[in-house]
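Fold and contact review
Here are the chains, one letter per residue:
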Amino acid sequence: GTQFLGGVNFSNLQIGSDLFFKTNPACHPVRFAGPVSFRGAHIFGQAEFDGAQFLDTAYFDNVEVEGHAFFRAAFFELPSGWKDLPVRFAQAADFSRTAFKGLADFTRAQFVNANFEGVSIGGNAIFTGARFRGTVNFKQARITGDALFNSHPNGSASFGEDGLFAWIDIQG
């Protein structure tokens, strides 16, 4: 997969269709070794980051995704059996005030500190099997569909430290 060895700035990026930063079929993930910013980006299709590795701070605040957003584990069939590669946020992940017009799927994603304050999700918010090792903030989040923090065959959703879910609006 593509390797970004330093910081990358995609702030205010405009994509007229789908955006793909996902693990390739040979099970090599996209890796962001330095800070990465998608602040204020507008994606007119869906955004796929399946299996991506964010080794430093990831800024997705004020992003608008017209379609679905996928930050879920990538699954591969290898000669030794099935392998999954979860999206990993090794430092802070900021999704504050982001608007996902469709569903947002974070199945089996791994977070240290995650900020979803004021996020808007137009479909289901899927955090099945996700792991939050540090603090997580969902203050004033708006979710039109269901909010799913249930278990996965490979593990339950888990929270390691403080979680803030004040004034959250879930309509599903």
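Quantities reported herein were computed from a predicted structural model and do not represent experimental measurements.

Further remarks concern the sheet that holds strand β26 (residues 147-148). Within a sheet, adjacent strands bond to each other through the backbone by hydrogen bonds, running parallel or antiparallel. Spatial strand order, β4-β8-β12-β18-β22-β26: six strands in an open sheet with parallel pairing. Of all the strands in the sheet, the pair left with one neighbour each is β4 (19-20) and β26. In this sheet, β26 lies alongside strand β22 (residues 125-126) in parallel orientation, the contact comprising two bridges. Within β26, the position partnered with Ala 125 by the bridge is Ala 147.

Structurally, Asp 18 is set in the loop between β3 (14-15) and β4. With 84 residues separating them along the chain, Asp 18 and Gly 102 place their C-alpha atoms 13 Å apart. Leaving out residues up to four positions away in the same chain, Asp 18 has contacts with Gly 45 and Gln 46. Polar side-chain contacts of Asp 18 include one of 2.7 Å to the backbone nitrogen of Gln 46.

It is worth spelling out unusual backbone geometry at this point. Both trends apply: most residues other than glycine have a negative phi, and most peptide bonds are in trans. Positioned with a positive phi, Asn 62 is a non-glycine residue whose angle comes to about 60°. Relative to the elements of secondary structure, Asn 62 occurs in the loop between β10 (58-59) and β11 (64-65). Positive phi outside glycine occurs at Gln 140, with the angle close to 60°. Tracing the chain through its elements places Gln 140 in the loop between β24 (136-137) and β25 (142-143). In this structure Gln 140 comes out as partly exposed when scored by relative accessible area, which is 40%.

Here is what the cut-offs are and how they apply
Residues numbered from 1 in each chain as written. Predicted model: local features only at pLDDT ≥ 70, side-chain atom pairs only at ≥ 80, totals over all residues. Heavy atoms only, no water. Pairing = 2+ DSSP bridges. Helix = DSSP H or I, 4+ residues; strand = E, 2+ residues; numbered from the N terminus. Contact = heavy atoms within 4.5 Å. Polar contact = N/O pair within 3.5 Å; in protein donor to acceptor, adjacent residues only side chain to side chain. Buried < 20%, exposed > 50% of the residue type's maximum accessible area, 1.4 Å probe, protein only.

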